[in-house]
Amino acid sequence: KYDWISIVPRLLKGEGALQNYLHWLSYEDYLQKEFERKESQKFQDVLIEINEMLFGKQITKIDKQGRVLVSDNDNKHIEYPIEELSSGEKHLLLLLLEISRRCWPGSVLLIDEPEISLHPGMQKDLLFMLEKFCKKKNIQLIMASHSETLASYVHPHERIVLSSLEKSVVEA
């Protein structure tokens, strides 16, 4: 009757904000189904939204051991724990998850140096993912960065380059 209690120790292990949030959504769905007799799919809705933005990977499920599993789009039948993602991939996932959960349609999203810890290829992926998400949700994105690589992927008419604060030069 109290199967959900087995989830609590895993949540308290500090396995990461991403896993904890996904576990919590799954747990909320369980409570809705078990006690309120309502179908809920918050967990699946978040997976769909995040997976739409990812390149080459998909979060697939939480297994019976409580691990969040990921698969490559090229080889979907091989799943592995989210801990095996690179630090850059984890960074992207966590950023996308937090944006997904906190931004409502019509919001203004301010991000400072989102490229930290990402190699140039992932910076391009990040920008594409953010543009896609913001367009879908009608969100205005304002981003500050020191990365010339990231700036080079932004359309010139969409960027403002502060080249010298003393001269107050703004290049549009």
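Parameters at a glance
- Residues numbered from 1 in each chain as written.
- Predicted model: local features only at pLDDT ≥ 70, side-chain atom pairs only at ≥ 80, totals over all residues.
- Heavy atoms only, no water.
- Helix = DSSP H or I, 4+ residues; strand = E, 2+ residues; numbered from the N terminus.
- Buried < 20%, exposed > 50% of the residue type's maximum accessible area, 1.4 Å probe, protein only.
- Contact = heavy atoms within 4.5 Å.
- Areas by Shrake-Rupley, 256 points an atom, 1.4 Å probe, with all protein chains shown as cover.
- 1 Å grid on protein atoms, 1.4 Å probe; cavity = no way out; pocket = protein on both sides within 12 Å on 5 of 7 lines; lining within 4 Å.
- Points joined across faces, edges and corners; volume = space filled by probe spheres on them.
- Nonpolar A, V, L, I, M, F, W, Y, C, P; charged D, E, K, R; others polar.
- Pairing = 2+ DSSP bridges.
- Axes fitted to C-alpha atoms, helices over the stretch in contact; angles between N-to-C directions.
- Phe/Tyr/Trp six-rings, centres within 6.5 Å; stacked < 30°, edge-to-face > 60°.

Before going further, it helps to spend a moment on the overall build of the protein. Summing up its helical and strand segments, the protein has six helices and seven strands in all. Reading the secondary structure of the protein in the N-to-C direction produces α-α-α-β-β-β-α-β-α-β-α-β-β. Across the 172 residues in the protein, those meeting the buried criterion constitute 34%. Considering only residue pairs separated by 6 or more positions, the protein has 52% of its internal contacts joining residues 24 or more positions apart. If you sum the accessible surface of the protein, you get close to 11100 Å²; carbon and sulfur atoms cover 54% of it.

Our focus in this paragraph is the layout of surface pockets. By volume, the largest pocket is sized at about 920 Å³. Along the wall of the largest pocket there are 25 residues; nearest its centre are M143, A144, E158, R159 and I160. The set of elements that each furnish at least two residues to the lining of the largest pocket consists of α5 (120-137), β5 (140-144), α6 (148-152) and β6 (161-164). The leading source of residues in the lining of the largest pocket is β5, at five residues. Residue composition of the lining of the largest pocket, grouped by class: 14 nonpolar, five polar and six charged.

Let us look at the environment of S87. By the secondary structure assignment, S87 is in helix α4 (residues 87-102). Looking at S87, the relative accessible area reads 56%, which means it is exposed. On a C-alpha basis, the gap between S87 and L118 in space is 8.4 Å, while along the polypeptide they are 31 residues apart.

Phi at E113 takes a positive value of approximately 50 degrees, unusual for a residue other than glycine. If you trace the backbone, E113 turns up in the loop between β4 (108-112) and α5. The phi angle at N138 is positive, at roughly 55 degrees, despite the residue not being glycine.

With that settled, the discussion passes to the sheet that holds strand β2 (residues 68-72). Taken in spatial order, the three strands make up an open sheet running β1-β2-β3, and their pairing is antiparallel. If you trace the sheet from one side to the other, it starts and ends with β1 (57-62) and β3 (75-81), each paired once. For this sheet, the mean angle separating the axes of adjacent strands, direction not counted, is 35 degrees.

In this description, an aromatic ring pair is defined by two values, namely the gap between the centres and the angle between the planes. Evaluation of the coordinates by the stated rule reveals one aromatic pair. Look at W24 and Y27: their rings are 5.2 Å apart centre to centre, the planes differ by 50 degrees, and that puts the pair in the tilted class. Remark: Y27 and W24 occur in helix α2 (residues 17-35); sequence separation between them is three residues, near one turn of the helix. On the basis of relative accessible area, W24 is assigned to the partly exposed category, the value being 40%.

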